[in-house]
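Fold and geometry: a report
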Amino acid sequence: MRAINDIKRLLESFEAYLMMERGLAANTQSSYRDDVEKLIGYLETTSTRLHDVELSTLQAFCASLYDLGIAPRSQARIVSGIKSFFGYLKIEGYIDSDPTLLLSPPQIGKHLPEVLSTEEIDAMISAIDMSKDEGQRNRAIMETLYGSGLRVSELVGLELSRVYLREEYIVVKGKGSKERLVPLSPVAVDEIERWLDDRGALDIKPGEDNYLFLNRRGRHLTRVMIFYIIKDLAERAGIKKTISPHTLRHSFATHLLEGGANLRAIQQMLGHESIATTEIYLHLDNTRLREEILRHHPRVKG
């Protein structure tokens, strides 16, 4: 098996392969290289070498794309680029087996998002190890994600100066730098107040002092770090569903709708530009209603 010593040169050789062996257009070559660079950047955050990539590694990478809000069609294109790259590595003898053979692209089209029950969310919160330094922080993160329906990018960028605990709301910077007011639940307020006590003991690095959520080194959290916190808690709670921080946002919206909230109000809370984006939760609610009818109605049960 050949060693991989120079990633830049390897990517240049991959592009040449796409042009000369596959006959792909220049735009496709460039897109595939960008896709591979996304994967390499992800591998660096997890300290994984290309030689050590497995199917589970790639599945976690794909889950992170979903978590970052990348559209299913773009995810499918990225998977195609990754498959071509590992096929090239196999042909050239850099790897012995291709980990992408069983990697499936996301289904393109409207699909219903995974939703957690309130019991599953409680189980995840109970799974937090409060003996660790980051325990209280993670409780505050869970309650803020689920209690306010934030995108993960909004959570990591949440500024301390825009958190109004006494008034129980936060100012969130969403897509396109548009700001909106989002209520905080009383539980989230309590957990954030406790986290602020722990946060005060950190050695906060210059320029990081206005971020609400920090790591133990006094720097703000990244989206990838939040992804791993949520995945770990789901595993500890014994949840078998495919979980990401976005799952808590979906659950927040679905539980609001099931509780009788107005769809327009949910749209404002989530920061959706169009009500059509929010209507997927109405479809989800109708699907569950149909399942309940099929399960319990006497005319169906016979």
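Note that the structure is predicted; figures quoted are calculated from it, not measured.

**Regarding the overall build of the protein chain**
Summing up its helical and strand segments, the protein chain has 13 helices and 3 strands in all. In the protein chain, which comprises 302 residues, the proportion classed as buried is 42%. The contacts of the protein chain with a sequence gap of at least 6 include a subset with a gap of at least 24, amounting to 60%. Total accessible area computed for the protein chain in this model is approximately 16,200 Å², and 48% of it derives from carbon and sulfur atoms.

**Some words on unusual backbone geometry**
Positive phi, normally seen in glycine, also occurs at Ser47, with a value near 55°. Relative to the assigned elements, Ser47 resides in the loop between α2 (26-45) and α3 (55-67). Of note in the backbone geometry, Glu168 takes a positive phi value of approximately 65° without being a glycine. If you trace the backbone, Glu168 turns up in the loop between β1 (163-164) and β2 (169-173).

**Topic: helix α5 (residues 118-126)**
By the burial criterion, the buried members of α5 are Glu120, Ile121, Met124 and Ile125. Mapping the buried residues of α5 onto a view down its axis gives an arc of 140°, with all of them on the same face. For α5, exposure combined with an orientation more than 90 degrees from the buried face picks out Glu119 and Ser126. Those residues of α5 hidden inside the fold are in contact with α6 (135-148), α9 (223-236) and α10 (245-258).

**Focus on the side chain of His255**
For His255, the position within the fold is in helix α10. Excluding residues within four positions of it along the chain, His255 makes contact with Val115, Leu116, Ser117, Thr118, Ile121 and Tyr146.

**A word on the confidence of the model for the protein chain**
Put simply, the protein chain has an average pLDDT of 82, and 85% of its residues get 70 or more. Here residues 283-302 is a poorly scored stretch, pLDDT under 50, and it has 16 contacts once near neighbours within four places are set aside; other chains count.

**Thoughts on the side chain of Glu208**
With respect to the helices, strands and loops of the structure, Glu208 is situated in the loop between α8 (186-199) and α9. Those residues in contact with Glu208, other than ones at most four positions away along the chain, are Arg199, Leu214, Gly218, Arg219 and His220.

**Things to note about a negative patch on the surface**
Taken together, the side chains of Asp133, Glu168, Asp190, Glu193, Asp197 and Asp198 present a region of like negative charge at the surface. Looking at the secondary structure, you find Asp190 in helix α8. You can call Asp190 partly exposed: its relative accessible area is 37%.

**Side note on α6**
Here α6 contains 14 residues, and its C-alpha end-to-end distance of 20 Å stays within 8% of the 20 Å for a straight helix at 1.5 Å per residue. Taking burial as the measure, the 14 residues of α6 include 12 buried ones, the bulk of the element. Among all positions in α6, only Gly135, Gln136, Arg137, Asn138, Ala140, Ile141, Met142, Glu143, Thr144, Leu145, Tyr146 and Ser148 are buried.

**Some points on the sheet that holds strand β3 (residues 179-183)**
Judged by pairing direction, the sheet is antiparallel, and its 3 strands sit side by side in the order β1-β2-β3 without closing on themselves. This sheet does not close on itself; its edge strands, each paired only once, are β1 and β3. Alignment of β2 against β3, held across 5 bridges, turns out to be antiparallel. Bridge pairing in β3 links Lys173 to Glu179.

**Section: the pattern of salt bridges**
In this structure the tally under the stated criterion is 13 salt bridges. With a closest N to O distance of 2.9 Å, Arg180 and Glu154 form a salt bridge. On the criterion of sequence distance, the pair formed by Arg180 in strand β3 and Glu154 in helix α7 (residues 152-156) is long-range, its members being 26 residues apart. A single burial state applies to Arg180 and to Glu154, both of which are buried.

The rules behind these values
Residues numbered from 1 in each chain as written. Predicted model: local features only at pLDDT ≥ 70, side-chain atom pairs only at ≥ 80, totals over all residues. Heavy atoms only, no water. Helix = DSSP H or I, 4+ residues; strand = E, 2+ residues; numbered from the N terminus. Buried < 20%, exposed > 50% of the residue type's maximum accessible area, 1.4 Å probe, protein only. Contact = heavy atoms within 4.5 Å. Areas by Shrake-Rupley, 256 points an atom, 1.4 Å probe, with all protein chains shown as cover. Arc of directions from axis to C-beta. pLDDT = per-residue confidence, 0-100. Patch = residues over 30% accessible without salt bridge, like charges linked within 9 Å, V, L, I, M, F, W, Y side chains within 5 Å. Salt bridge = Lys/Arg side-chain N within 4 Å of Asp/Glu carboxyl O. Lys, Arg positive; Asp, Glu negative; His and termini not counted. Charge placed at Lys NZ, Arg CZ, Asp CG, Glu CD. Expected span 1.5 Å × (residues − 1). Pairing = 2+ DSSP bridges.

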